[in-house]
Amino acid sequence: MKLLTEWAVTSGVLILIVLAARCLLKGRLSARCRYALWGVVLLRLLVPFQVELPAPVSDALPVLASNLALEVGQWEEPSIPLLSQGSKPVAEFNLDIETTLEPGDIISYSDGAGCLRRDGETITWYRYILSPEQIVLALWLAGAGLTGAAILLSNLGFSLRLRKRRERLEGLDAPIPVYTAVGLPSPCLAGVLRPAVYVTPGAAEDETALRHILAHELTHYAHKDHLWSLLRCLALALHWYNPLVWLAVALSKQDGELACDEGAVARLGEGERIPYGRTLVDMVAARSPRPRDLLSCSTAMTGGKKSIQQRVAALVKKPETVKTALFAVIAVVALSAVFVFAEREEPVRNLYGPYRYQVSHTQAVQFSPSLISSQIYPAPITDPDLLEQALEILDSAADLLNTPEELDLDLSDAPFLSPRVTLLESPDDRTSGHTYLLYTVRAVNRDWCLLVTPAEMGAESYRVAGTLDVSAPGGLESLARQQRYREREDLTPATFDYNQYHARLGMAQGIWLNMPMLHDGRVLTDPEELEQIRNLLILSPIPRDGPLEWDGDWTHIIAFSSTPPDPDWTGADAASVYYILATDEGFYYVCSGDMKEGGYYIGTISTEHWEQAVEIFENAPSVDERQHAARDAELAQNEEPERVHPVTGSKSNKTPGGLNPPGVLLLLLTERPLTSRFSSLLPR
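Just so we're clear, the structure is a prediction, and the values are computed from it rather than from any experiment. (Residues numbered from 1 in each chain as written. Predicted model: local features only at pLDDT ≥ 70, side-chain atom pairs only at ≥ 80, totals over all residues. Heavy atoms only, no water.)

K.L.:
Would you mind showing me how to read the overall build of the protein here?
P.N.:
Regarding its fold elements, the protein presents 21 helices and 24 strands. Across the protein, every contact between residues at least 6 apart in sequence was considered, and the portion connecting residues at least 24 apart equals 68%. Counting every atom, the protein has about 36000 Å² of accessible surface; 56% of that belongs to carbon and sulfur. (Helix = DSSP H or I, 4+ residues; strand = E, 2+ residues; numbered from the N terminus. Contact = heavy atoms within 4.5 Å. Areas by Shrake-Rupley, 256 points an atom, 1.4 Å probe, with all protein chains shown as cover.)

K.L.:
Please clarify how the packing of aromatic side chains should be interpreted in this entry.
P.N.:
Note on aromatic pairs: each is described by the distance of the centres and the angle between the planes. Counted by the stated rule, this structure contains 11 aromatic pairs. Each ring, one from Tyr355 and one from Tyr436, has its centre 5.4 Å from the other, and the planes form 90°; the classification is edge-to-face. Highlighted residues: Tyr355 in helix α12 (residues 352-360) and Tyr436 in strand β13 (residues 434-441), separated in sequence by 81 residues. Tyr436 carries the same exposure label as Tyr355, and that label is buried. Aromatic side chains Phe560 and Tyr578 sit 5.8 Å apart centroid to centroid with 40° between the ring planes, which places their arrangement in the tilted category. On the criterion of sequence distance, the pair formed by Phe560 in strand β19 (residues 556-561) and Tyr578 in strand β20 (residues 577-582) is long-range, its members being 18 residues apart. (Phe/Tyr/Trp six-rings, centres within 6.5 Å; stacked < 30°, edge-to-face > 60°. Buried < 20%, exposed > 50% of the residue type's maximum accessible area, 1.4 Å probe, protein only.)

K.L.:
It is not clear to me how the sheet that holds strand β14 (residues 448-453) should be interpreted in this structure. Could you clarify?
P.N.:
Strands in a sheet are paired, the pairing made by backbone hydrogen bonds, and the direction either parallel or antiparallel. One open sheet accounts for five strands, arranged β11-β12-β13-β14-β15; its pairing is antiparallel. Each edge of the open sheet carries a strand with a single partner, namely β11 (364-368) and β15 (463-468). Along the sheet, successive strands turn relative to each other by an average axial angle of 30°, direction set aside. The pairing of β14 with β15 spans five bridges and is classified as antiparallel. The partner of Leu451 across the bridge, within β15, is Gly466. Contacting β11, β12 (420-424) and β15, helix α13 (residues 384-395) crosses the sheet at an angle of about 75° to β11. (Pairing = 2+ DSSP bridges. Axes fitted to C-alpha atoms, helices over the stretch in contact; angles between N-to-C directions.)

K.L.:
Quick question: what am I supposed to make of the sheet that holds strand β8 (residues 188-190) here?
P.N.:
Pairing is mixed in the open sheet, where four strands are placed in the order β6-β7-β9-β8. Whereas interior strands pair on both sides, the edge strands pair on one side only; in this sheet they are β6 (166-168) and β8. For this sheet, the mean angle separating the axes of adjacent strands, direction not counted, is 35°. Strands β7 (178-181), β8 and β9 (196-199) of the sheet are contacted by helix α6 (residues 207-222), whose axis makes an angle of about 145° with β9.

K.L.:
Would you mind showing me how to read unusual backbone geometry here?
P.N.:
If a residue is not glycine, its phi is most likely negative; likewise, a peptide bond is most likely trans. A cis amide bond, omega 0°, links Thr453 with the succeeding residue Pro454. The topology assignment puts Pro454 in the loop between β14 and β15.

K.L.:
Even after reading the chapter, I still don't get a nonpolar patch on the surface, so can you show me in this structure?
P.N.:
Taken together, the side chains of Leu371, Ile372, Phe416, Leu417 and Met457 define a hydrophobic patch exposed on the protein surface, amounting to about 500 Å² of accessible area. Mapping Ile372 onto the fold places it in the loop between β11 and α13. In this structure Ile372 comes out as exposed when scored by relative accessible area, which is 66%. (Patch = residues over 30% accessible without salt bridge, like charges linked within 9 Å, V, L, I, M, F, W, Y side chains within 5 Å. Salt bridge = Lys/Arg side-chain N within 4 Å of Asp/Glu carboxyl O.)

K.L.:
Can you walk me through a negative patch on the surface in this structure?
P.N.:
A cluster of like negative charges, contributed by Glu205, Asp206, Glu207 and Asp282, occupies part of the molecular surface. Looking at the secondary structure, you find Asp282 in helix α9 (residues 273-282). (Lys, Arg positive; Asp, Glu negative; His and termini not counted. Charge placed at Lys NZ, Arg CZ, Asp CG, Glu CD.)

K.L.:
Whenever I open this one, the side chain of His226 confuses me. Can you help?
P.N.:
On the secondary structure map, His226 appears in helix α7 (residues 225-238). With a relative accessible area of 5%, His226 lands in the buried category.

K.L.:
In this structure, what is going on with the nonpolar core? I would like to understand it.
P.N.:
Side chains that are nonpolar tend, in soluble globular proteins, to be buried together. Core analysis: the biggest nonpolar cluster contains 28 residues, and Tyr501, Leu537, Ile558, Phe560 and Trp610 have the highest contact counts within it. Listed by contribution, the elements that provide at least two residues to this core are α16 (496-507), β16 (510-515), α17 (527-536), β19, β20, β21 (587-594), β22 (598-606) and α18 (607-618). With five residues, the single largest contributor to this core is α18. Formed by 26 residues, the second largest nonpolar core is a distinct cluster that contains Tyr377, Leu387, Ala397 and Ala465. (Core = buried A, V, L, I, M, F, W, Y, C linked by side-chain atoms within 4.5 Å.)

K.L.:
Help me understand the packing of α17 against α18, please; the structure alone is not making it clear to me.
P.N.:
The angle between the axes and the distance between the axes are what describe a pair of packed helices. Two elements in contact, α17 and α18, have axes separated by 9 Å at closest approach and are oriented at 160°. The angle between α17 and α18 falls in the class roughly antiparallel. Between α17 and α18 lies a crossing whose hand is left-handed. Between α17 and α18, the contacting residues are Glu529, Gln532, Ile533 and Leu536 on the first element and His609, Gln612, Ala613, Ile616 and Phe617 on the second. Partitioning the contact of α17 with α18 into residue classes produces five nonpolar, three polar and one charged. (Parallel < 35°, antiparallel > 145°, perpendicular 65-115°, else oblique. Left-handed = near helix turned anticlockwise from the far one by under 90°. Nonpolar A, V, L, I, M, F, W, Y, C, P; charged D, E, K, R; others polar.)

K.L.:
How do you make sense of the pattern of salt bridges when you look at a structure like this?
P.N.:
When the charged atoms of two side chains with opposite charge come close together, those side chains can pair. The final tally for this structure, using the stated rule, is six salt bridges. Note that Arg211 is salt-bridged to Glu272, the shortest N-O span being 3.3 Å. Taken together, the residues span a long stretch of sequence, with Arg211 in helix α6 and Glu272 in the loop between α8 (243-268) and α9 at a distance of 61 residues. Of the residues examined, Arg211 reaches a relative accessible area of 36% and is grouped as partly exposed. A salt bridge links Glu270 to Arg273; the nearest nitrogen and oxygen atoms lie 2.6 Å apart. Classification of Arg273 as buried rests on a relative accessible area of 15%.

K.L.:
I keep staring at α6 and nothing clicks. Help me out?
P.N.:
The α-helix advances 3.6 residues per turn, and as a result positions three or four apart in sequence lie on the same side. Under the 1.5 Å per step criterion, the end-to-end length of α6 is 22 Å for 16 residues, consistent within 8% with the ideal 22 Å. Residues of α6 that are buried: Ala209, Leu210, His212, Ile213, Leu214, Ala215, His216, Glu217, Leu218, Thr219 and His220. Sitting at the amino-terminal end of α6 is Asp206, which places a side-chain oxygen 3.1 Å from the backbone nitrogen of Thr208. Directly beyond the C-terminal end of α6, a positive phi value near 60° is found at Lys224. (Expected span 1.5 Å × (residues − 1). Polar contact = N/O pair within 3.5 Å; in protein donor to acceptor, adjacent residues only side chain to side chain.)

K.L.:
How should I be thinking about the packing of helix α4 (residues 132-165) against α7 in this particular structure?
P.N.:
Remark: α4 packs on α7, axes separated minimally by 7 Å, with the N-to-C direction vectors making an angle of 145°. Contact with α4, carried on its side by Trp140, Ala144, Thr147, Gly148 and Ile151, involves Cys233, Leu236, Ala237 and Leu238 of α7 and no other residues of that element. The class makeup of the residues in the contact of α4 with α7 is seven nonpolar, two polar and no charged.

K.L.:
Explain the environment of Val281 here, please?
P.N.:
With respect to the helices, strands and loops of the structure, Val281 is situated in helix α9. Judged by its relative accessible area of 45%, Val281 falls in the partly exposed class. Sequence separation between Val281 and Arg311 is 30 residues, and the spatial gap between their C-alpha atoms is 9.7 Å. Beyond its immediate chain neighbours, meaning those up to four positions away, Val281 contacts Ile308 and Val312.

K.L.:
Mind showing me how you'd approach the pairing of β13 here?
P.N.:
On a regular strand, each side chain points to the face opposite its neighbour's, so the side chains alternate between the two faces of the sheet. Note: β12 against β13, four bridges, orientation antiparallel. Bridge pairing links Arg420 to Leu437 in β13. Note: β13 against β14, five bridges, orientation antiparallel. For Tyr439, the partnering residue across the bridge sits in β14 and is Leu450.

K.L.:
Honestly, the pairing of β11 in this entry has me stumped. Any pointers?
P.N.:
For β11, a buried count of four out of five residues is recorded, marking the element as mostly surrounded by other parts of the structure. Here β11 runs beside β12; their pairing, made up of five bridges, is antiparallel. Bridge pairing in β12 places Phe367 opposite Val421.

Here it is in structure tokens:
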């Protein structure tokens, strides 16, 4: 997002500078010099990157255009839910929601695929949650795509019309083909890969007019204007939202025609200046220029009356470049290039000192597991005894002293694999904190836990603020879990994950079940059976005196897919997996966490409901059967359409169904063994 805003701001600033120079030096610069100014603008419009200047150089400059871009740091936070999947009254969540979700608050799932939002006394779950940055980028891409499509279709249509109506003119001394085309509003140079000159039938019959037109269009060809027009259209598609870019495109086309007039007179000779002007007047376009003409990659020799008047006036005045004006233009372009393309080098400073200062001012610690974890700790660590232990862990950090580059550390995967810790200056303000990744690095002598910043994906570079003991992430997670358990004592009668389970169950379009004697599990996708399963798998809350921590034992595993699952989908691909544990008390426990590290209980299902659910799953296809069915369907679809008769040798496009029964059998036996063709029907 920062790149896009800097690109837009610096492009607009450069266009304003060129417009000012063009206005102030009007009459002192030749048309070719004015046209050349737009080349710098085009470069800025097509190249989004800034050139980082060393600190001594950038500090000497009072201001750079990139500094004018707005700060959009908070735009990266997901805060806009999309696609409501349903809602329930707060009371039906069996949870004292007041301590977990305030009215207007949003809690996203650990996989970032959806969220819960409370609106008054109703809680709604959404399939997606996006950040303002993602929405702005989506709008920009959509606009660029639509503008690009309009440019492409407009030029393809114009090219097809020319090809249908054109007739080649022979006997002309021109490096590219020359054609006449009926209905052409103005002579033009069209075509990017195979450019050609197109003239009206009337102009082709007038020898003088034809000579002037060829001089003009061949000057366009010499200036490579057919390529510049393509790049102009590309810039227009990328900056479709910027009115200054549309203005720049219009003025650059106008200056291009004036520069071409100068070149054409130079080709024809000074004596042809006035006759050439008469030709322009005689060929005033039948229609005025339209905004859609800006989308054209072709040149147009004539335009509206006002445009022709300006060009004829320029021919009469015969402006020449004044040396002082040329020097001024060069100086302005050079300074503008530095002002627009440069950005200040970020000073490299030690982050250990600021980190220690942040720890000393921390009033709450927010711990967030890695993106691949199913755990969620919505509340920060605030209880005095737990906060004291968390700050003791964080305060034990040591300075790394070396940069990651000096130690040859690759931190690019840190955002995917690492938990996060946020040091909050205020427990009530989640934006007041500084977030670090707790990235564990395996080494020969000892393992490190690095405090890495920034805690975001795709950053240009990552830096290390300090090092902690490798046990720090586990210690902080244990404290976060204790904080959640303490808050749960006041909740009646379940945790946030109890609600998350039901949200995922309600959105499920595929459910996977595994048990000890089933190596790959069964997948249920039938809508009617899914509806039955949803009713059977509704949890009852854990009793207040029930167990909290789960040690990893299980009898079944279930997982939910919020989209139609692929044939290869198993619970291993799911964002969250839930473990079922049998009891002798007439119900099954449902647990979340990890079978190796354990987790906690989130609810119960009656034995009657669970056994009914298992019966439905027993009739569902296994993962292996789904994979075989998908492969058989793919093989059937990819069968060769042309077949050879096994007796006559003749070729036919008929399927085996078009032959008589003996022919079908003989053809099948000739092509493949029977067991190969019908392997999906044989018992496994």
